[in-house]
Amino acid sequence: MPGRRWFWILVGIAVALGLAATGIATFYTDILWFQELEYFPVFRRVLTGKLLTGLVGGAFFFLVTYVNLRLVLGRRRQINLVGGLVMPVPVSMPDRARQWALAASAVVGVLGGIAAYTQWHVVLAYFNATPFGINDPFFGKDVGFYIFNLPFLRLIQQHLFVSFLVAGLISVIAYYAFGDLRLALRRVLVNRRTRIHLSVLASILFALKAWGYQISIWDLMYSPRGAAFGASYTDIHAQVPAYRLLIGVALAGAVVSLLGIMVQNLRWVGFAVLGLTVLSVLAGYAYPAFMQQFTVSPNELAYEIPFIEHNIAFTREAFNLDRIETTQFPATENLTMADLKQVPGTVRNFRLWDYRVLRDTYTQVQEIRMYYRFNDVDIGRYMVNGEYRQVLLSPRELDINLLPTDARTWINLHLKYTHGYGVVMSPASDVTGEGMPSFYFMDVPPKTKTDLVLTRPELYFGELTNHYIITNAKEPEFDYPRTDVQAIEPTFYKGQAGITLKSFIRRLAFTLRFRDYQIMVSGALTPESRVIMKRNILERVRSIAPFFMYDSDPYLVIAEGRMYWFLDAYTVSANYPYSQPDPETWINYIRNSVKVTVDAYDGTVTFYRVDDEDPIVNTYSNIFPTLLKDFSQMPEDLRAHIRYPEDLFSIQSRVLLTYHMTDPQMFYNKEDYWEIPREIYANLEKTVEPYYIVLHLPGESAPEYMLMTPFTPRGKPNMTAWLGVRCDPERYGEMVLFQLPKDKLVPGPMQVESMIAQNPGISEAMTLWGQVGSQVIRGNLLTIPIKGSLLYIEPLYIQAEKVKIPELKRVLMYYGGRVVMGTTVEDALSALLGTGEDVPPDFPGGTELPDISALVARANRLLQEANEKLRTGDWAGYGRNMEELARVLADLEKAIAAGTTPSFVVP
């Protein structure tokens, strides 16, 4: 038995040492990582803040508990072991009683320290706070008090209250166990020393409770009780007086508790607790509820108007809605081809490619090898051959999970397959005759016919790079697939990323961190080899600055011949007074104050401050003076690609649904509540996503990169307004809300979708194309404002069900009550605004000219399928194929007779 016990003791010691060694190794390698990125001052500041906050909080919990236990133990040499109604039995004080008290206090101190440790940011923000310059309407406190000071005061009050409450409970238990506190019939018997101790503790708890009621008064700035978020009439005229009464009662309870020093029992402490409890129910809950129900609710609007006004003003300021420029948009129906010629940048950049569809196309035609993957398609704009063009692009990332199982060796995973390669880029509006994207960048290595330059196509950092790699090993890296193997030169990383394995300690530390013994024993590594970890761009950025909230969609740009990732960082709060929280994120203040770039080759992370007016980012600048660079230091090539983030725009759009109403009576009645409209994507009804477009705003001569979304009235499908925000650096962040006339019907997205579906020619064509293993995909319905009119454009794609290679086949347009379908933008516009006619019901293609090469390819496919069905005896399927073949041949005959092969590109 003793041998087995020692065995488990040794096992426990070994496990503890292993965990400790892993933790130390992780801590050490984190220091090396921050030093490599030159953000060690940030790491040190966060670590110092955590340790000091945890130590102070833990020390306070420890001292409060230990002092109280020492008061319980005193100098006594014996204790009465059994308390209560049973006669106590005197026994000698255990020799280790004080050691046990010290140990118990240490446990409480550790738990308190952990609780405080996590609140380091609250403490640092309090000591580095920046005022907002805006005061709340009732208490006259600066908004910064609620965002920076109040959380700190609440933290201190809660920690003090919990520490003394825990100490009091432990003391009561100890006194009871030692026989100093006994339960008699109808009373509690205590000696004088115990009574004084517990009376003082009770007095302290009452005083802290009074402080808590004062904090509750300030918390009324977030009350959801009234007609709008924030302090309401009932809160100010009933809840505040109730809390002030409770503050007085709690302070009286503190005084009454001290009477326990002079009286023979703790009855007065019990009376004080009972009185505070009863009053908290009657005054703190029942009285405000009574006033709300019987005074305010019968005439709520009259009472709540000033409070609604505060809610509207503070909410609009917190979400930057007060800076939106509102103007009227006439939504005329007199658009002409001459008008379109005045906005060539808009027409040239009609976005025909949906990013979801294009990802499938990129996957099928440009992934090249099984281990490459297009994770996402980003939208941007570039000057291409001297022209301002909207593009879609996606990096060709390496996904090691796609390697065959037998190829996932340690050398392949960590030394060989280290990076993705290149990017695919195509203009948003150009399509080949076969319905495929017209590439600006394609293939491996990247090829382009434009003036865009990419000299560093390797991607060592991205969205799929979730494992560590080691570069500059003896084994060369796999660069990209080549046919001429003999001509391949060994590839070695030439960047600066990574931590060198120049010492035994570093090798051991990384071995422990990754639990990978190969790092220690591999002969392929040298002292110059570099460990590159945290290669996922979100993990990389969040590790440096976890106190920001980050946009969910990082995007890639090409600048200075290299690839960079852009991430938008937000400063947020849920403590802005009177501001209605966003229903999805529950934050009630947000600013996009920081732009982050990550070099896709060497992993350099740079934080740029783009909003000097945001007090929260200024507070973080005070805490971390070396973290943020000024926006003016961002290179021009990178600055040209900033864009307004979609997540922020979506949050603002959701809040604007209600808070475009600035009249309190209209707000209260919700008589002009808006909704985000719905649309049809593929065959499913979905909420319209905000979309980036290149647009000539009314009155502007040059096209701009915009993010926009339409709005419809609640429960109605017609459009009532659209919101746009500028993305180009010169006027970045300027928001404009165009409100449509209320005396005329302007169709919303779902109405236009219905008109498209009801058009006999279009409906017949989509039904026809959706047969025989094909799928019709309806893309984004784009609402494009042009010269005071709204033009609706929807691309139509066709793809096979088995091998998904979507091809753009038609362009649908709606304007002025007419729906047309064309093969090209030019055809559709000609039919809509020129001499063309509406789509006739007897010809699925309408005025468009069928694509001859596509018809020939489809005819060949249909013939092959028909022969296959004939061999298998599927006579019904054979008949359907032959009927479809006859229709395709008829379309081919018409196209040949027309003598034109249309192009999808607008000249």
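Just so you know, these numbers come straight off a predicted model, no measurement behind them. (Residues numbered from 1 in each chain as written. Predicted model: local features only at pLDDT ≥ 70, side-chain atom pairs only at ≥ 80, totals over all residues. Heavy atoms only, no water.)

## A look at the overall build of the chain
Threshold: Each helix corresponds to a stretch of at least 4 residues labelled H or I by DSSP, and each strand to a stretch of at least 2 residues labelled E; elements are numbered beginning at the N terminus. Three exposure classes are used, based on accessible area relative to the maximum for each residue type with a 1.4 Å probe and protein chains only: buried under 20%, partly exposed in between, and exposed over 50%. Working definition of accessibility: Shrake-Rupley area with a 1.4 Å probe, residue cover restricted to the visible protein chains.
From N to C terminus, the chain includes 25 helices and 33 strands. Burial status across the chain gives 54% buried among its 907 residues. Counting only carbon and sulfur atoms, one obtains 59% of the accessible surface of the chain, whose full area is about 40,100 Å².

## A look at unusual backbone geometry
Cis rather than trans, the peptide bond between Val-444 and Pro-445 has omega equal to -5°. With a phi angle near 65°, Asp-443 is a residue other than glycine that sits in the positive phi range. Tracing the backbone shows Asp-443 in the loop between strand S11 (423–427) and strand S12 (458–459). The backbone of Lys-534 sits at a positive phi, close to 50°, despite the residue not being glycine. Tracing the chain through its elements places Lys-534 in the loop between strand S15 (530–532) and helix H16 (537–544).

## Examining the packing of aromatic side chains
The condition is simple: Aromatic pairs are defined between Phe, Tyr and Trp rings, using the six-membered ring for Trp, whenever the two ring centres lie within 6.5 Å; interplanar angles under 30 degrees are classed as stacked, those over 60 as edge-to-face, and all others as tilted. Here, a charge over a ring means that NZ of Lys or CZ of Arg falls within 6 Å of the ring centre while also lying within 35 degrees of the ring normal.
A full pass over the atoms with the stated rule returns 53 aromatic pairs. Aromatic side chains Phe-145 and Tyr-146 sit 5.3 Å apart centroid to centroid with 85° between the ring planes, which places their arrangement in the edge-to-face category. Here Phe-145 matches Tyr-146 in class, with each residue buried. A centroid spacing of 5.3 Å and a plane angle of 10° characterise the contact between Tyr-555 and Phe-566, whose relative ring orientation is stacked. Of this pair, Tyr-555 sits in strand S17 (residues 555–559) while Phe-566 sits in strand S18 (residues 562–573), and the two are 11 residues apart along the sequence. Note on accessibility: Tyr-555 and Phe-566 belong to one class, buried. Here a set of aromatic residues connected by ring pairs shows up, and it is made of Phe-132, Phe-138, Phe-148, Tyr-233, Tyr-303, Phe-307, Phe-314, Tyr-576, Tyr-578 and Tyr-589. A cation over an aromatic ring shows up here: Lys-534 above the ring of Trp-33, its NZ or CZ 4.4 Å from the ring centre.

## A short note on the sheet that holds strand S7 (residues 378–384)
The line we're drawing: A pair of strands is considered paired only if DSSP assigns at least 2 bridges between the two. Interaxial angle, 0 to 180 degrees, is taken between N-to-C directions of lines fitted to C-alpha atoms, where a helix line uses only the stretch in contact.
Read from one edge to the other, the open sheet built from 3 strands follows the order S7-S8-S11, with strand pairing classed as antiparallel. In this open sheet, the two strands that pair with only one neighbour each are S7 and S11. Here the strands of the sheet are splayed against their neighbours by 40° on average, with no regard to which way each runs. Relative to S11, strand S8 (residues 387–395) runs antiparallel, the two being bridged by 5 bridges. Looking at the pairing, Ser-394 lines up with Val-424 of S11.

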